[in-house]
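Chain residues, written in single-letter form:
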Amino acid sequence: MQWRPATLFSTRGDRIRCDLCPLRCMLRDGQVGTCGVRRRTGDVLETATFASVMQHVDANERKPFYHFRPGGRSLTLAAPGCTFACGYCINHRISQYGRESSVAWNGQPIEPAEVVARAVAEDADICFSYTEPSLALELTEAVVALARPAGVRVMWKSNGFLTPEAVDRAAGLVDAVNIDVKAADTAAHRRLTGAPLEPVLDTVREFARRGVWLEITTPLIPGTSAAPEQLATIARTVASVGAQVPWHLVRFTPTYRMTGHDPTAPADLAEAVRIGHAAGLRHVYVERALGAEGRATRCPACDETVVRRGVWQLETSEIRAGRCARCDHPIDGRWN
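Note that this is a predicted model, so its numbers are computed, not measured. (Residues numbered from 1 in each chain as written. Predicted model: local features only at pLDDT ≥ 70, side-chain atom pairs only at ≥ 80, totals over all residues. Heavy atoms only, no water.)

### Observations regarding the layout of surface pockets
Working step 1: Approximately 1,100 Å³ is the volume found for the largest pocket.
Working step 2: Every residue lining the largest pocket is counted, 38 residues in all, and those nearest its centre are Lys63, Ile90, Asn91, Lys157 and Val250.
Working step 3: Of all the secondary-structure elements, those providing two or more residues to the lining of the largest pocket are strand 12 (154-158), strand 14 (213-219), strand 15 (247-250) and strand 16 (284-286).
Working step 4: Ranked by residue count, the leading element in the lining of the largest pocket is strand 15, at three residues.
Working step 5: Taken together, the residues that form the lining of the largest pocket break down as 19 nonpolar, 10 polar and nine charged.
Working step 6: Considering the residues around the second largest pocket, the lining is formed by 15 residues, among which His277, Val284, Glu293, Ala296 and Arg298 are closest to the centre.
Working step 7: Elements with a contribution of two residues or more to the lining of the second largest pocket: helix 8 (266-278), strand 16, helix 9 (291-295) and strand 17 (297-298).
Working step 8: Residue contributions to the lining of the second largest pocket peak at three residues, all from strand 16.
Working step 9: Taken together, the residues that form the lining of the second largest pocket break down as seven nonpolar, four polar and four charged. (1 Å grid on protein atoms, 1.4 Å probe; cavity = no way out; pocket = protein on both sides within 12 Å on 5 of 7 lines; lining within 4 Å. Points joined across faces, edges and corners; volume = space filled by probe spheres on them. Helix = DSSP H or I, 4+ residues; strand = E, 2+ residues; numbered from the N terminus. Nonpolar A, V, L, I, M, F, W, Y, C, P; charged D, E, K, R; others polar.)

### Regarding the sheet that holds strand 4 (residues 26-27)
Working step 1: Spatially, 2-3-4 is the arrangement adopted by the three strands of the open sheet, whose pairing is antiparallel. Because the sheet does not close on itself, it has two edges, and the strands there are strand 2 (9-12) and strand 4.
Working step 2: One ladder, built from two bridges, connects strand 3 (residues 15-18) with strand 4; its direction is antiparallel. Each residue of the ladder has a partner; that of Arg17, found in strand 4, is Met26. (Pairing = 2+ DSSP bridges.)

### Let's talk about the side chain of Asn60
Working step 1: Within the secondary structure, Asn60 sits in the loop between strand 8 (55-59) and strand 9 (73-77).
Working step 2: With a relative accessible area of 0%, Asn60 lands in the buried category.
Working step 3: Apart from residues no more than four positions distant in its own chain, Asn60 is found in contact with Phe65, Phe68, Arg69, Gly72, Arg73, Ser74 and Met155. (Buried < 20%, exposed > 50% of the residue type's maximum accessible area, 1.4 Å probe, protein only. Contact = heavy atoms within 4.5 Å.)

Quick look at the structure:
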C-alpha cells in the first residue's frame, strides 16, 4: 500500500480533522479514519487511494448511466474503501477494506497519466465505481487535470456522503454522477449504512444545482426502501430535484449480511416504476427483471421509444441533437 498526501483536512487542537465526509473523523498521529484509507501522519493527512482493484472498459450503461453519452464506454477504476457499511453490499470484498478485518488490501498503484493514456487509446471515458469514489478525490483531481485537455470525461458512481467542501471540489471535476439514495428516512438509512441520510440528499441537490449530470439509483432493500410507502417518499424526493433526473431501481439480491431475504419480485419492481412515474419522474428504469421495456427511454411528449438498450449496452437510439427524431421534443440528457 502506498500513502500520498491528502487534502480536505483542518487542524483542531492536537488533532487533524478529515473534512471529506460528514463523519469528520478527528485523528491523532497514526490514526486511520473510519473509511480505512485516510490517515494522519505527523501534521498531514494521507490517502491510500492512488490505487485501483481493477481497470476494465465497459459500457456507460453498466454504471448505470442511461442519459449520459449512451453507447459510450468507460475505463472503470475502483480505489478500495467506503464511507458506508451496507449489509447488502455486493462489492464488500473491495469496499470494506479497513472496516472489516477479513477484507485484504488488493489495490494496485496507478498513475493518472497511464490511466488517461489508456482511456484515449480505448476511445473511452473514465468512471470511478464499485467502491466509494469520493475517497479518491485527490486521484480524481489528478486524472481530470490530464483527462479534460484530452477530451476524456470523468464520472462517479457514488453514495453521495460528502461534506459541502468535498461537493464543491467534486462538482468542478466530474461530468456526471450517479448517486445511491438507499432509504426514505434517516433512521432506516443509518441502520443500513451506519450514516445519516441528510448529507446524501444535500449532495444530490448541490450536484444538480451546479449543473453536473445526475442520475439516482435506489436498491429495493427489505425494511429500508422496498415498501411502496418508502419508494413513494424516495420518488418524491428525486422529483423535487427535477423531473428529468433518471431513477434506476435495482433488484435486491441476498448477499453479505442479508442472505436471509428473498430477491425482489418483478411485480414489486413494476409497482416501483409506477410509483416513480406517479411522483412525476419522466424516466424510471429497471435494468434486467422487467426485460427490454424496463430499460427503454420514451419520449415524454409522443411516448414513442427513443432509446432501446440491452442489459449492458445501447441497441438503438432515435435521439437527434438531444431531441426526439419523431416529434422533435427535447430529451433530457447529455447525448454527445
